[in-house]
Amino acid sequence: MATVDLEEDAGEREGRIAARASELLQERRQRLLRYVDRMFLALMGGQWVFGILVALFFSPYGWEGKQRVIHFHVYTAVFLGGLLSLFPMVLIWRRPGWVVTRHVVAVSQMLWSALLIHLSGGRIETHFHVFGSLAFLAFYLDWKVLGSASAVVVADHLLRGLFWPESVYGIVNPEWWRFLEHAFWVVFEDVFLVLACSYGLAELTSAARRQAEVETLRETDQLKTFALEMALAEARA
Amino acid sequence: MRLTQVAVDRGEGYVKLTLPEFFALPLVDRIQMLLHQRMRFYDEASNLIPISEGLKLLREGTRNGSATQASTGVP
């Protein structure tokens, strides 16, 4: 009499669960990345409009001799702001979820902070845009994106602090090390955001694993049921 | 979507079979392959179908009196 080995190989089963979990994780991660990309698409458009309004509010006109002209800041907001927004927007539209897209978004977002700080004459309150942006970027659950963004902030503060201090700090003679103070607070926030990214990713991985286990259990159950039905039908025949 | 083929692994890699060929295999072999999940399901365009969907189609096919019913008798 033929015997049937009912026990499924544990290694094979684990391999199948792991493969499915990895597939589900990729799906969920892509969905999240695309969602955050779309969020930044709206934000980039909104920031452009906001930048122009800031320029119009703080410095709508300049003087060339006795002639009143549109201030250079307004053109900066329109054209440089447009460039900073449109490049990531096109990438989000054409390549959502792509790794390069989110790094370009991060760099553009930080350059937007720099531009807004400049347009507001280096107001310290505008520096909060940096911290808000880092928090938004953390939604990607990719700490490397925070690295790119933070590097841009630090480089911007260092260079503008050296060559155009009133544009970033609103004063002409800040201490040379002031950029380090700003960098410290950026790193301070980054530490917690990186932890949050790592926790979020672990949760996503764990949820994918649970779903893969449930799917595998259901499939095993269905296969056993079908095998039993088939055996019973043939026994009856 | 229609289930037209299955692939089974009897220890020497996956081999594609038509449904009547599959049901012509000894019952013990079929059960073994089902329980060990050494079975894959394909539609008419040779696309892989998920197991749950494949089983559903297999059951529907046999229920609707396809060519396989005579050999399986699965209700």
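Cut-offs applied
- Residues numbered from 1 in each chain as written.
- Chains lettered and ligands numbered in written order.
- Predicted model: local features only at pLDDT ≥ 70, side-chain atom pairs only at ≥ 80, totals over all residues.
- Helix = DSSP H or I, 4+ residues; strand = E, 2+ residues; numbered from the N terminus.
- Buried ≥ 20, exposed ≤ 12 C-beta atoms within 10 Å, placed from the backbone.
- Contact = placed C-beta atoms within 7 Å.
- Rg over C-alpha atoms; globule rule 2.2 N^0.38 Å.
- Axes fitted to C-alpha atoms, helices over the stretch in contact; angles between N-to-C directions.
- Parallel < 35°, antiparallel > 145°, perpendicular 65-115°, else oblique.
- Left-handed = near helix turned anticlockwise from the far one by under 90°.
- Nonpolar A, V, L, I, M, F, W, Y, C, P; charged D, E, K, R; others polar.
- Expected span 1.5 Å × (residues − 1).
- Bend = angle between axes of the 7 residues up to and from the residue.
- pLDDT = per-residue confidence, 0-100.
- Pairing = 2+ DSSP bridges.
- Arc of directions from axis to C-beta.
- Core = buried A, V, L, I, M, F, W, Y, C linked by C-beta atoms within 7 Å.

(A) Looking closely at the overall build of chain B. Tallying secondary structure elements over chain B gives four helices and four strands in all. Secondary structure elements of chain B occur, N-terminal to C-terminal, as β-β-α-α-β-β-α-α. In chain B, which comprises 75 residues, the share counted as buried stands at 31%. Sequence separation of at least 24 residues holds for 53% of the intrachain contacts in chain B that already meet a minimum separation of 6.

(B) A look at the overall build of chain A. Check the secondary structure of chain A and you find seven helices and two strands. Along chain A, from the amino end to the carboxyl end, the secondary structure elements read α-β-β-α-α-α-α-α-α. A compact globule built from 237 residues would reach a C-alpha radius of gyration of about 18 Å, whereas chain A, at 27 Å, exceeds it by more than 25%. If one aligns the C-alpha atoms of chain A with their principal axes, the spans along those axes are about 105 × 35 × 20 Å. For chain A, the proportion of its 237 residues judged to be buried stands at 30%. For chain A, the proportion of contacts with a sequence separation of at least 24, taken over those separated by at least 6, is 68%.

(C) Here's a closer look at the packing of helix H1 (residues 10–58) of chain A against helix H7 (residues 178–236) of chain A. Residues and elements named next belong to chain A. Where H1 meets H7, the closest approach of the two axes is 8 Å, and the angle between their N-to-C directions is 130°. The angle between H1 and H7 falls in the class oblique. By crossing handedness, the relation of H1 to H7 is classed as right-handed. Each of Arg13, Arg16, Ile17, Arg20, Ala21, Leu24, Leu25, Arg28 and Arg29 in H1 lies in contact with H7, whose residues at this interface are Leu204, Thr205, Ala208, Arg209, Gln211, Ala212, Glu213, Glu215 and Thr216. A class-by-class count of the residues in the contact of H1 with H7 yields seven nonpolar, three polar and eight charged.

(D) Representation of helix H2 (residues 72–94) of chain A within the structure. All names here are of chain A. With 23 residues, H2 ought to run about 33 Å at 1.5 Å a step, and its terminal C-alpha atoms sit 32 Å apart, in line with that. Of all the bends found along H2, the most pronounced is centred on glycine 82 and spans about 25°. When we look at burial in H2, the residues that qualify are His73, Val74, Ala77, Gly81, Leu84, Ser85, Pro88, Met89, Leu91 and Ile92. Looking at the buried residues of H2, the elements they touch are H1, strand S2 (67–70) and helix H3 (99–119).

(E) Summary view of the confidence of the model for chain A. Confidence in the prediction for chain A averages 90 pLDDT; 94% of positions are at 70 or higher. In the model of chain A, strand S1 (residues 61–64) of chain A stands out as the element of lowest mean pLDDT, 66, in contrast to helix H4 (residues 128–137) of chain A, which has the highest, 96.

(F) The sheet that holds strand S4 (residues 48–49) of chain B, seen in detail. Residues and elements named next belong to chain B. On the basis of which strands lie adjacent, the open sheet formed by four strands has the order S2-S1-S3-S4 and antiparallel pairing. On the outer flanks of this sheet lie strand S2 (14–18) and S4, each paired with one strand and no other. Pairing analysis gives five bridges linking strand S1 (residues 3–9) to strand S3 (residues 39–43), with the strands arranged antiparallel. Residue pairing across strands places glutamine 5 opposite tyrosine 42, the latter belonging to S3.

(G) Inspection of the packing of H4(A) against H7(A) at higher detail. Residue and element names in this part refer to chain A. Look at H4 against H7: their axes get within 10 Å of each other, and the N-to-C directions meet at 20°. Regarding the angle of H4 to H7, the classification is roughly parallel. As H4 runs across H7, the sense of the crossing is right-handed. Seen from H4, the contacting residues are Val130, Phe131, Leu134 and Ala135; seen from H7, they are Val186, Glu189, Asp190 and Leu193. Of the residues contributing to the contact of H4 with H7, the split by class is six nonpolar, no polar and two charged.

(H) Helix H5 (residues 143–163) of chain A, seen in detail. Residue and element names in this part refer to chain A. Compared with the 30 Å implied by 1.5 Å per residue over 21 residues, the 30 Å span of H5 between its first and last C-alpha is a close match. Taken residue by residue, H5 has Val145, Leu146, Ala149, Ser150, Val153, Asp156, His157 and Gly161 as its buried positions. Looking straight down H5, one finds that the buried residues subtend no more than 130° of arc, so they occupy a single side. Those residues of H5 that are exposed and aimed more than 90 degrees away from the buried face are Leu162 and Phe163. Buried-residue contacts for H5 involve H3, H4, helix H6 (165–168) and H7.

(I) Here's a closer look at the nonpolar core. Counting 37 residues, the largest nonpolar core has Leu134(A), Leu137(A), Ala138(A), Tyr140(A), Leu146(A) and Ala149(A) as its most contacted members. Per-element tally for this core: the top contributor is H3(A), with nine residues. Those residues in contact with Leu134(A) that lie beyond four places of it in its chain are Leu146(A), Ala149(A), Glu189(A), Asp190(A) and Leu193(A). In this structure, Leu223(A), Val8(B), Leu35(B) and Phe41(B) belong to the second largest nonpolar core, which totals 19 residues.

(J) Main features of the environment of Ser108(A). Residues and elements named next belong to chain A. When you line up the elements, serine 108 lands in helix H3. Residue class for serine 108 comes out buried when judged on the 25 C-beta atoms lying within 10 Å of it. Setting aside anything within four residues of it in sequence, one finds serine 108 in contact with Leu84, Phe87 and Pro88.

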